[in-house]
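Residue-level structural notes
Residue-level listing of the chains:
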Amino acid sequence: QLNRTGSHTTELPDALSRMDVTFKQNIVNAASAVVFVTVGFLVPWMIFRFISGSSAPFAQFTRKGVATAVGAGMTIYLILVIYSQSNGTLLSAGSLFNWHPICMMCGTALTYPAAFDAVTMRFASKSPSERQFLVAAHAGLQLVAAFTLALGFAAIYLNKPPGKHFLSLHSLVGLAALGCGALNVASGSLKSFNGGLAWPRLLWSDKNHRFIGKLSFALLVVATALGLYNKVMVLPSGWGGPVASPTTEWLSPGGTWSYGVLGHAGVYGMLGALAVVAFFALGGPSADRLPSAKVKV
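Because the structure is a prediction, the values reported are computed rather than measured. (Residues numbered from 1 in each chain as written. Predicted model: local features only at pLDDT ≥ 70, side-chain atom pairs only at ≥ 80, totals over all residues. Heavy atoms only, no water.)

Helices and strands together make up the secondary structure of the protein chain, namely 7 helices and 0 strands. Taken from the N to the C terminus, the helices and strands of the protein chain come in the order α-α-α-α-α-α-α. When burial is assessed residue by residue, the protein chain has 42% of its 297 residues classed as buried. Looking at the protein chain alone, contacts between residues at least 24 apart form 76% of all its contacts between residues at least 6 apart. (Helix = DSSP H or I, 4+ residues; strand = E, 2+ residues; numbered from the N terminus. Buried < 20%, exposed > 50% of the residue type's maximum accessible area, 1.4 Å probe, protein only. Contact = heavy atoms within 4.5 Å.)

Moving on, we come to helix H5 (residues 169-192). Between its terminal C-alpha atoms H5 stretches 35 Å, which fits the 34 Å expected from 24 residues at 1.5 Å a residue. Those residues of H5 that sit buried are Ser171, Val173, Gly174, Ala177, Cys180, Gly181, Asn184, Gly188 and Ser192. (Expected span 1.5 Å × (residues − 1).)

Right, let's talk about the side chain of threonine 38 for a bit. With respect to the helices, strands and loops of the structure, threonine 38 is situated in helix H1 (residues 11-51). Residue threonine 38 is classed as buried on the basis of its relative accessible area, which comes to 7%. Separated by 2.6 Å, the side chain of threonine 38 and the backbone oxygen of valine 34 make a polar contact. Excluding anything up to four places from it in sequence, threonine 38 contacts Cys106, Leu110, Thr111 and Val144. (Polar contact = N/O pair within 3.5 Å; in protein donor to acceptor, adjacent residues only side chain to side chain.)

Attention now goes to the nonpolar core. If you look at the biggest cluster of nonpolar residues, it comprises 51 residues, and the most contacted ones within it are Val35, Met74 and Leu262. Counting residues per element, the ones that place at least two in this core are H1, helix H2 (63-84), helix H3 (99-121), helix H4 (128-159), helix H6 (207-229) and helix H7 (257-282). If you tally residues by element for this core, the top one is H3, at 13 residues. Look past the residues within four positions of valine 35 in its chain and what remains in contact with it is Ile79, Trp99, Ile102, Cys103, Cys106 and Thr148. (Core = buried A, V, L, I, M, F, W, Y, C linked by side-chain atoms within 4.5 Å.)

The next subject is the packing of aromatic side chains. Scanning all chains against the criterion turns up 11 aromatic pairs. Relative to phenylalanine 116, the ring of tyrosine 112 has its centre 5.7 Å away and its plane inclined at 90 degrees; by these criteria the two rings are edge-to-face. Within this pair, tyrosine 112 and its partner phenylalanine 116 are both found in helix H3, separated by 4 residues, close to a single helical turn. Since its relative accessible area comes to 4%, tyrosine 112 is described here as buried. Judged by its relative accessible area of 10%, phenylalanine 116 falls in the buried class. (Phe/Tyr/Trp six-rings, centres within 6.5 Å; stacked < 30°, edge-to-face > 60°.)

Nothing here speaks to function; it is geometry throughout.
Structure follows, in structure tokens:
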């Protein structure tokens, strides 16, 4: 494009650049808001449940409650470490990438187990209205998790140049996890609303919904572990190129952003905590269920 003097103008590229920065800043603003609100709500809630002397189900610390508490610690630790190294720029558009691990950790280790915890607590309740409230809380937390994970996905997608997406094992497993999660949210919503806009039916049971939910969480845990441990490139030459064959290097730690920020001890500590979250969150609800409970999950 030429201006009146016949020279090339930079107005259009500058405008596009400003739009790009603004869009990235909006992603950072949304990510920081949802993460801080989620942590700010769930941490006091878990403390209340831990010290509460009230009757079941809220005072009953289930396996999923343990997973949620550990996940809260992981999320807060990650935020503090990243903030300490961000030189006060964590909330700027230039720190967009940092919100990928923060959002993914919050959605995977904190919000997902909290949603599992809410639906498990209903086993300890004999009140239909209380059970409906807990199922509604489960659905709400699943939606928050989906939104948080979507923001984390946007943060990493916008941070990479074209042609560099979905080349690592970490990214491919993460994409599968997000797909399963989206499918589960959609199927649960359809079943609750009976395919229409009627008042939602909350007390229902579906083995497929439960299986896909656990599968999406398990895949999220694996993707998180891969992002922490090492960088395995499945498509080193990009899409259309050959698929890399597994080698012993795939088992070697290092080469990730996590190692640079958390260090060796920090990465292994987070991997151990993640294993605890997965163990307690994926455990069956049988031990949490009261004999008198008639509602199945």
